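Here is what each chain is made of, one letter per residue.
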Amino acid sequence: MLSSYKSFHYIEDIHKYVGEEVTLRGWVYNLTGKGKLQFIMLRDGTGVIQCVVFKANVSEEAFENAKSLTQESSLSLTGKVVSNEKAPGGFEIDVTNLQIIQLAQEYPITPKDHGDSFLIEHRHLWLRSSRQHAIMRVRAAVMKAIRDFFDGNGFKLMDSPILTPNACEGTSTLFETEYFDLGKAYLSQSGQLYAEATALALGKVYTFGPAFRAERSKTRKHLTEFWMVEPEMAFFDLNDDMDLAEDLVEYIVQYCLKTCQKELQTLERDTTKLEKVRRPFHRMSYSDAVDWLVENKIPLNKKIDGKDVEILPFPWGEDFGSPQEEAIMEQFDKPMIIHRYPTEIKAFYMKRDPINPKVVLAMDMLGPERAGELIGGSQREDNFDLLLERIKHEDLPEDEFKWYLDLRRYGSVPHSGFGLGVERTVKWITGATHIREVIPFPRMIYRITP
RNA sequence: UCCUGAGUAGCUCAGUUGGUUAGAGCAUCUGACUGUUAAUCAGAGGGUCCGGGGUUCAAGUCCCUGCUCAGGAGCCA
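Figured I'd write up the structure that's included with this text. (Residues numbered from 1 in each chain as written. Chains lettered and ligands numbered in written order. Predicted model: local features only at pLDDT ≥ 70, side-chain atom pairs only at ≥ 80, totals over all residues. Heavy atoms only, no water.)

**Considering the environment of proline 442**
Part 1: Along the chain, proline 442 falls in the segment after α13 (422-430).
Part 2: A sequence separation of 217 residues divides proline 442 from glutamate 225, and the C-alpha atoms of the two residues are 7.4 Å apart.
Part 3: Apart from residues lying up to four places away in sequence, proline 442 is in contact with Ile120, Arg123, Leu223, Arg436 and Arg447. (Helix = DSSP H or I, 4+ residues; strand = E, 2+ residues; numbered from the N terminus. Contact = heavy atoms within 4.5 Å.)

This is how it looks when you write it as structure tokens:
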């Protein structure tokens, strides 16, 4: 517990002090005046409350101070907590004294509409608005739910390096930097390989940190820097992996429903849709998904010689893009998993299905309401020879993977894991229209400030 | 990398077929008001129409070009 050193109160606790005098510190969220009466909507990070300054109840100086306030000025005020049904939230403060800490200059973000570009340029101030404030609180809840879930289920937190000598999957474009005399280093796009090593030391681990991708993606689903949690479990097969993924997502959503009702209400999120997020989720193999696309005449969109062409029926072996995933997801009102993708379109470390080596034991979890891919995971190749063969086949630098191959040399076991994108998840739960709204300071292809 | 769209006041936008001095709401400033919720009322200030070039008697408007931004594809969480 925090010691009670505070000389002021927080708005979230105000209901405990009805009839009493309190001191609040915060910022002017909005203002309106009516002659001898000034209304101040005060925010302090924990909530917003209406404070009423009546000329006859305060000193001349305090009233002049109240009149001179501007949006986002910081202040300290004292007054009595009263119940008033005219006040938003049901309570208000009858102000008896008021001191300005700093009189804010003309604040750029007004209560009226603004464009996306303007708001993102003022991200450092935009975070103060009620919608962004609510999203950040849901984000904090999602982070906590993730940690609670793993910590409470026997997982150990394991931190993987950010600077790495090679591309983890060998596909994605990475940010590059010079690393002393050792040549180039890259910002990690995934902690998975390191999580595998620690899973063989600790059993069940999760790594939780930022990931970096230098792809020139410019959509409302992509960031160049995002947060990902990656559990990795020794002795888990693909089914165990999918079960865990479903448990985790169910836990996160239910935790947010339990602890973020106010925030979800501010965001006008239809929570009945989130309440449906209960296990079991839907599952479908890649092959069954292709059959469904063929039956429903969903084509493959491909670029051949610079021309866009539609290929029908959808050919087995091609990867799904957003159009295919969205079409499949439209029938479902909770997340679903597609598993057992063609070997050729998936990463080298994924284990081949012993029943059908044309597919790997991989899985993607897609979210409803156009949330897109929330999770990507797989059972890992645990056979030394097969893994080496895949590394060679993909032309990956064998030397860099020597330590990784060692894991298959010394007590190799079946193991699995997955990665969950935090921002994708928060975007889905909050119903935010753009991923840049769900991380405090988004990093995107054409923007690195603020 | 490719495709599409946008750029006019601090902010959000309107601006007709090219035609007089480029408009509105909000914000700001001045004044009125004891119950406002994006208050209301009266008044005031505020413009490199993204930059450059061109067509024309005349360009915010048409053409070329550059810049900036947005969305989508591919890639993925």
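**Quick look at the protein's contact with RNA strand B**
Part 1: Around RNA strand B, the surrounding shell holds 48 residues, and the nearest of these are Phe54, Lys112, His114, Arg213 and Glu373.
Part 2: Near the protein, within 4 Å, the atoms of RNA strand B are sugar or phosphate in 47% of cases.
Part 3: Side-chain polar atom of glutamate 106 to a sugar or linking oxygen of RNA strand B: 3.3 Å apart, as the coordinates give it.
Part 4: Histidine 222 is positioned such that a nitrogen or oxygen atom in its side chain is 3.0 Å from a base oxygen of RNA strand B.
Part 5: If you list the elements that add at least two residues to the surface near RNA strand B, you get β1 (21-34), β2 (37-43), β3 (48-54), α2 (116-121), β11 (225-234) and β18 (372-379).
Part 6: Split by residue class, the surface near RNA strand B holds 11 nonpolar, 17 polar and 20 charged. (Near = heavy atom within 4 Å. Polar contact = N/O pair within 3.5 Å; in protein donor to acceptor, adjacent residues only side chain to side chain. Nonpolar A, V, L, I, M, F, W, Y, C, P; charged D, E, K, R; others polar.)

**Side note on the packing of aromatic side chains**
Part 1: On inspection of all chains with the given rule, the structure shows 19 aromatic pairs.
Part 2: With centroids separated by 5.4 Å and ring planes inclined at 70°, the aromatic side chains of phenylalanine 8 and tyrosine 10 adopt a geometry described as edge-to-face.
Part 3: Ring-pair connections join several aromatic residues into one group, and the members of that group are Phe149, Phe150, Phe155, Tyr206, Tyr251 and Tyr255.
Part 4: Over the face of the ring belonging to tyrosine 341 we find lysine 346, whose NZ or CZ atom lies 4.2 Å from the ring centre. (Phe/Tyr/Trp six-rings, centres within 6.5 Å; stacked < 30°, edge-to-face > 60°. Lys NZ or Arg CZ within 6 Å of the ring centre and 35° of its normal.)

**Observations regarding the environment of threonine 198**
Part 1: Here threonine 198 is to be found in helix α5 (residues 192-202).
Part 2: Between the C-alpha atoms of threonine 198 and glutamate 232, which are 34 residues apart in sequence, the distance is 8.4 Å.
Part 3: With sequence-adjacent residues up to four places away left out, threonine 198 is seen in contact with Met158, Gly203 and Val205.

**Description of the sheet that holds β1**
Part 1: Strand order in the closed barrel formed by 5 strands is β1-β2-β3-β5-β4, and the pairing between neighbours is mixed. The average angle at which neighbouring strand axes cross in this sheet is 55°, direction not considered.
Part 2: In the sheet, β1 pairs with strand β4 (residues 74-83) via 7 bridges, with the strands oriented antiparallel. Considered in β4, the bridge of leucine 24 is made with leucine 77.
Part 3: The strands touched by helix α1 (residues 60-68) within the sheet are β2, β3 and β5 (91-102), with β5 carrying the most contacts at an inclination of about 85°. (Pairing = 2+ DSSP bridges. Axes fitted to C-alpha atoms, helices over the stretch in contact; angles between N-to-C directions.)

**Describing helix α9 (residues 286-295)**
Part 1: Along α9, the residues that are buried comprise Tyr286, Ala289, Val290, Trp292 and Leu293. Angular distribution of buried residues about the axis of α9 spans 160°; they occupy a single face of the element.
Part 2: Against the buried residues of α9 lie β12 (282-285), α10 (322-329) and β15 (336-342).
Part 3: Count one or two residues on from α9 and you reach lysine 297, which has phi positive near 55°. (Buried < 20%, exposed > 50% of the residue type's maximum accessible area, 1.4 Å probe, protein only. Arc of directions from axis to C-beta.)

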